Every structure is written in structure tokens, then in C-alpha cells.
Amino acid sequence: MKRILVAVFFSALAGTAQAQPYLGVGASHVKADNEGQLTLALSSGYRFGKHFAVEIGTFQPDRISTTYSVTTQEFSKQDRRLNGARLSALLNVPVGDKTTAFIMASAYRVKAKFSTLTNQLEAVPGTVPPVYVPVSSTSSEVTSTETLPGLGIGIEYVFSKSVFARATFENINTKAGMFGAGNDLEKLRTASFNVLYQF
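The following refers to the structure shown. (Residues numbered from 1 in each chain as written. Predicted model: local features only at pLDDT ≥ 70, side-chain atom pairs only at ≥ 80, totals over all residues. Heavy atoms only, no water.)

**Observations regarding the packing of aromatic side chains**
Summed over all chains, the structure comprises five aromatic pairs. On the basis of an interplanar angle of 85 degrees and a centroid distance of 5.2 Å, the ring pair of Y197 and F199 is categorised as edge-to-face. Here the basic side chain of R47 rests over the ring of Y22, its NZ or CZ set 5.0 Å away from the ring centre. Geometry around F164 places R47 over its ring, the cationic atom sitting 4.4 Å from the centre. (Phe/Tyr/Trp six-rings, centres within 6.5 Å; stacked < 30°, edge-to-face > 60°. Lys NZ or Arg CZ within 6 Å of the ring centre and 35° of its normal.)

This is how it looks when you write it as C-alpha cells:
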């Protein structure tokens, strides 16, 4: 994945004389396991001619997965969080006068955090059925910083010389142990919609 990004990046540099900057704003839905988060998506990049672009963007889904464990002795909550940014290279293929399809290869630099909050429970004497209340709590946290590869496809539509709309679908590979032992997530999936303004 890194070799793909480097190759596309340096190919794009060959056309710097035609580089056109742009800014983007939109929304991204990030899905992990069976949970999803909607988050603001900001981006900034350069187009190099018709076929190449390089951009950076935010990746801020924050809490992407929450699980609970409940027994008569304790109540436990586990949160997985991700925050960071991405560097992406895009290969564009025009498919019409105003429509372009593209492939996007990305490197995500993220901070992963796994936190656990456990409340110990005791039954209130004399209650039938028993009513349990927390009597003490403990917490723990595991953090790591990771680089994750992503690969996606999308389509872009031109409204005017300066305004574009883009839809992107991407898979992001996670790493074993990034949330601590035994707390892994499956592949992340994102669906994004952005409006781009080209200067």
C-alpha cells in the first residue's frame, strides 16, 4: 500500500504546473462490527491534471464501538475510539462530460484507545426481587498510535468549474492488538459524501 501511495504521489508531482488546489467538506459514516458513527469530514488537496490528485483529510469517528457486560456482581462498559487523519492518492478516470470515477489509496494515522469502566454491584438488603446498586468502580485504558491502509472507490460529479460533489466508499484494514489483546475489530468501512470547492 505504501508503494502505491509513493508511486502515485511522485507521478502526480510531474504535473505540478497544472496543480489546482481544492477544499472539501461533508459527512462520513464509519462502520465497525455492527455499529456506525456519522462524523464531519474535512479535506484539502491538489489536482494534477485530469487523472491524479493528492489530499489530506480528517478521520474523527471517535467512539466506534461500545460493548457491555452485565452480571449480578458487576456492570462493565468497553469503548473503542479512533481519531486521526489520512493522506490519500487518487487516480481519476473520466467516464462522461461531468462524471469521473476514481480509485483512492490512503494511509490513516490514528490514535486508538480502548477503555473499560467496571462497576461492582451489591443487592440492597430486603428487596424482592433484588435491586442491585454500584458500590465501587474501576477503570483502565490502553492506547496506541497506528498507521492503517485504506483502499476505496468513488464517483465525482462536476456542477461548475469550481464546485464538485463526491461519493466515496472505502475499506480500512485494522491491526491486531491496536486496542489491546483480545479487543480487535474487523475491517472498518466508510461511506462519505463531500462537496469540493476548487480554486
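On we go.
**Topic: the environment of N92**
Tracing the sequence through the fold places N92 in strand β4 (residues 74-94). Taking the C-alpha atoms as reference, N92 lies 6.7 Å from I103; in sequence the two are 11 residues apart. Residues in contact with N92, not counting those within four places in the same chain, are R47, K50, H51, F52, A53, T100, A101 and F102. (Helix = DSSP H or I, 4+ residues; strand = E, 2+ residues; numbered from the N terminus. Contact = heavy atoms within 4.5 Å.)

**Re unusual backbone geometry**
P129 follows V128 through a cis peptide bond whose omega is -5 degrees. Structurally, the position occupied by P129 is in the loop between β5 (99-123) and β6 (132-158).

**Points about the nonpolar core**
Core analysis: the largest hydrophobic core is formed by 15 residues, its most contacted members being F59, I64, L82, F179 and L188. Mapped onto this core, the elements with two or more residues apiece are β1 (19-32), β3 (52-70) and β5. In terms of residue count, the dominant contributor to this core is β5 (four residues). Core analysis: the next-biggest nonpolar cluster, separate from the first, contains seven residues, A53, L90, F102 and F164 among them. (Core = buried A, V, L, I, M, F, W, Y, C linked by side-chain atoms within 4.5 Å. Buried < 20%, exposed > 50% of the residue type's maximum accessible area, 1.4 Å probe, protein only.)

**With respect to the sheet that holds strand β7 (residues 163-172)**
Around the barrel, eight strands lie side by side as β1-β2-β3-β4-β5-β6-β7-β8; this closed barrel has antiparallel pairing. Strand after strand, the sheet turns through a mean of 20 degrees between neighbouring axes, direction not considered. Summarising the sheet, β1 and strand β2 (residues 35-48) pair through 14 bridges and their orientation is antiparallel. Looking across to β2, one finds that K31 is bridged to G36. (Pairing = 2+ DSSP bridges. Axes fitted to C-alpha atoms, helices over the stretch in contact; angles between N-to-C directions.)

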